[in-house]
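Given next are the chains, with one letter for each unit.
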Amino acid sequence: MPFGALKTLRDHRYEGHFYEGGVSVGYQWLIGKRWNLETSIGGGYARYSYDKYDGHDKCADCLKSRDKNYWGGVTKATISFIYFLR
């Protein structure tokens, strides 16, 4: 785990939820007898909420609660060339 994350997990417990989803759209053009060109673009959304506890006990004190919404903007952009074998 980068940036010292394991050190934080040693002394604290986290409980929470993470949800995410995304949508993408695309289009395909015929550019030859066996060739197509396809493009697509997609975006995403994530939401997380968690509580940070002092120690690993179920009775530990809650140090902080956090809720965050994240709109990822463009998370996918593709250009594909397609060749049909038959």
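All values derive from a computational prediction rather than experimental measurement.

Asks: Got a minute to help me understand the pairing of strand E1 (residues 12–30) in this structure?
Replies: Bridge count for E1 against strand E2 (residues 35–54) is 19 bridges, and the pairing is antiparallel. Among the inter-strand pairings, Val25 is bridged to a residue of E2, identified as Ile41. The turn linking E1 back onto E2 is made up of 4 residues.

Asks: When you look at the pattern of salt bridges in this model, what are you seeing that I'm missing?
Replies: As a working rule, side chains carrying opposite charge can pair if their charged atoms are close by. Under the defined criterion, the tally for this structure stands at 2 salt bridges. In this structure, the salt-bridge partner of Glu15 is Arg13, at a minimum N-O distance of 2.2 Å. Arg13 gets classed as buried once you look at its relative accessible area, which sits at 13%. Here Lys58 ties to Glu15 by a salt bridge, and the two come within 3.5 Å at their closest N and O atoms. With a gap of 43 residues between them, Lys58 in the loop between E2 and strand E3 (62–83) and Glu15 in strand E1 connect regions that are remote in the sequence. Its relative accessible area of 69% is what places Lys58 among the exposed residues. It is possible to trace a salt-bridge network through shared partners that takes in Arg13, Glu15 and Lys58.

Asks: How do you make sense of a nonpolar patch on the surface when you look at a structure like this?
Replies: Nonpolar side chains collect at one region of the surface, where Tyr27, Trp29, Ile31, Trp35, Ile79, Phe81, Tyr83 and Leu85 lie side by side and expose about 990 Å² of accessible area between them. Counting only elements with at least two residues in the nonpolar patch, the list comes to E1 and E3. In terms of residues, the nonpolar patch owes the most to one element, E3, which gives 3 residues. Residue position: Ile79 is located in strand E3. Look at Ile79 and you get exposed, because its relative accessible area is 64%.

Asks: Could you clarify how one ought to interpret the environment of Asp54 in this entry?
Replies: Counting through the fold element by element, Asp54 comes out in strand E2. As a C-alpha pair, Asp54 and Gly44 span 10 residues in sequence and 33 Å in three-dimensional space. Once residues lying within four places of it in the same chain are set aside, the contact partners of Asp54 are Asp11, His12, Ala60, Asp61 and Leu63.

Parameters and conventions
Residues numbered from 1 in each chain as written. Predicted model: local features only at pLDDT ≥ 70, side-chain atom pairs only at ≥ 80, totals over all residues. Heavy atoms only, no water. Pairing = 2+ DSSP bridges. Helix = DSSP H or I, 4+ residues; strand = E, 2+ residues; numbered from the N terminus. Salt bridge = Lys/Arg side-chain N within 4 Å of Asp/Glu carboxyl O. Buried < 20%, exposed > 50% of the residue type's maximum accessible area, 1.4 Å probe, protein only. Patch = residues over 30% accessible without salt bridge, like charges linked within 9 Å, V, L, I, M, F, W, Y side chains within 5 Å. Areas by Shrake-Rupley, 256 points an atom, 1.4 Å probe, with all protein chains shown as cover. Contact = heavy atoms within 4.5 Å.

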